[in-house]
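# Chain and residue survey
In case you want the letters, here they are:
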Amino acid sequence: MFDGERTGRDKLANFYHAEMSLMSFEGVQVQGAVQIMEKIKNLTFQKIARVITTVDCQPMFDGGVLINVLGQLKMDDEKPHGFHQTFALKPLEGSFFVQHDLFRLALHHLPA
């Protein structure tokens, strides 16, 4: 859904709760499915490709799952960038939703 062209990204809203989902994207925090989708829609790249290096998961005591993803992204014609994303899936009415979603590119701003 997220890889490739921008079409189809609206379906990502199904993973987030209307009120109880939080996202931190490059340090900008938003809450709720509408605001999260607005953030995703406002990203400037047209196409994206991901390469997943590793995925680590842990069960949570409330029945949820904590997931950490490490990999690389290639946006449009830019060079690939490392990234990490951590999210918590929470159970709700026989299904799961993304309650917490933290995303950060692995960019190092070292002094010259």
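Here's what I pulled together on the structure shown here.

Definitions and cut-offs
Residues numbered from 1 in each chain as written. Predicted model: local features only at pLDDT ≥ 70, side-chain atom pairs only at ≥ 80, totals over all residues. Heavy atoms only, no water. Phe/Tyr/Trp six-rings, centres within 6.5 Å; stacked < 30°, edge-to-face > 60°. Helix = DSSP H or I, 4+ residues; strand = E, 2+ residues; numbered from the N terminus. Buried < 20%, exposed > 50% of the residue type's maximum accessible area, 1.4 Å probe, protein only. Pairing = 2+ DSSP bridges. Salt bridge = Lys/Arg side-chain N within 4 Å of Asp/Glu carboxyl O.

## A word on the packing of aromatic side chains
Overall, the coordinates contain two aromatic pairs when judged by the stated rule. Aromatic side chains F25 and F103 sit 4.8 Å apart centroid to centroid with 10° between the ring planes, which places their arrangement in the stacked category. Pair noted here: F25 is in strand 2 (residues 22-25) and F103 is in strand 7 (residues 95-105), with a separation of 78 residues, a long-range link. Under the relative-accessibility criterion, F103 is labelled buried at 12%. Look at F83 and F103: their rings are 5.6 Å apart centre to centre, the planes differ by 25°, and that puts the pair in the stacked class. Placement of the pair is F83 in strand 6 (residues 81-92) and F103 in strand 7, with a sequence separation of 20 residues. A connected cluster of aromatic rings, assembled from ring pairs, spans F25, F83 and F103.

## Let's talk about unusual backbone geometry
Notably, D76 is not glycine yet its phi reads approximately 50°, a positive angle. Mapped onto the fold, D76 is located in the loop between strand 5 (65-75) and strand 6. We classify D76 as partly exposed; its relative accessible area is 28%. Located in the positive-phi region is E93, a residue other than glycine, with phi close to 50°. With respect to the secondary-structure elements, E93 resides in the loop between strand 6 and strand 7. Residue classification places E93 among the exposed residues on the basis of a relative accessible area of 79%.

## A short note on the pairing of strand 7
Pairing analysis gives four bridges linking strand 2 to strand 7, with the strands arranged parallel. For S24, the partnering residue across the bridge sits in strand 7 and is L102. Across 10 bridges, strand 6 lies against strand 7 in antiparallel orientation. Residue pairing for strand 7: F83 is matched across the bridge by L105. Linkage of strand 6 to strand 7, two consecutive antiparallel strands, is achieved through a turn of two residues, within which E93 is found at a positive phi near 50°.

## Some details on the pattern of salt bridges
Evaluation of the coordinates by the stated rule reveals two salt bridges. Note that D10 is salt-bridged to K41, the shortest N-O span being 3.7 Å. One end of the pair, D10, is in the loop between strand 1 (4-5) and strand 2; the other, K41, is in helix 1 (residues 33-41), with 31 residues separating them in the sequence. Among the residues examined, D10 registers a relative accessible area of 53% and is labelled exposed.

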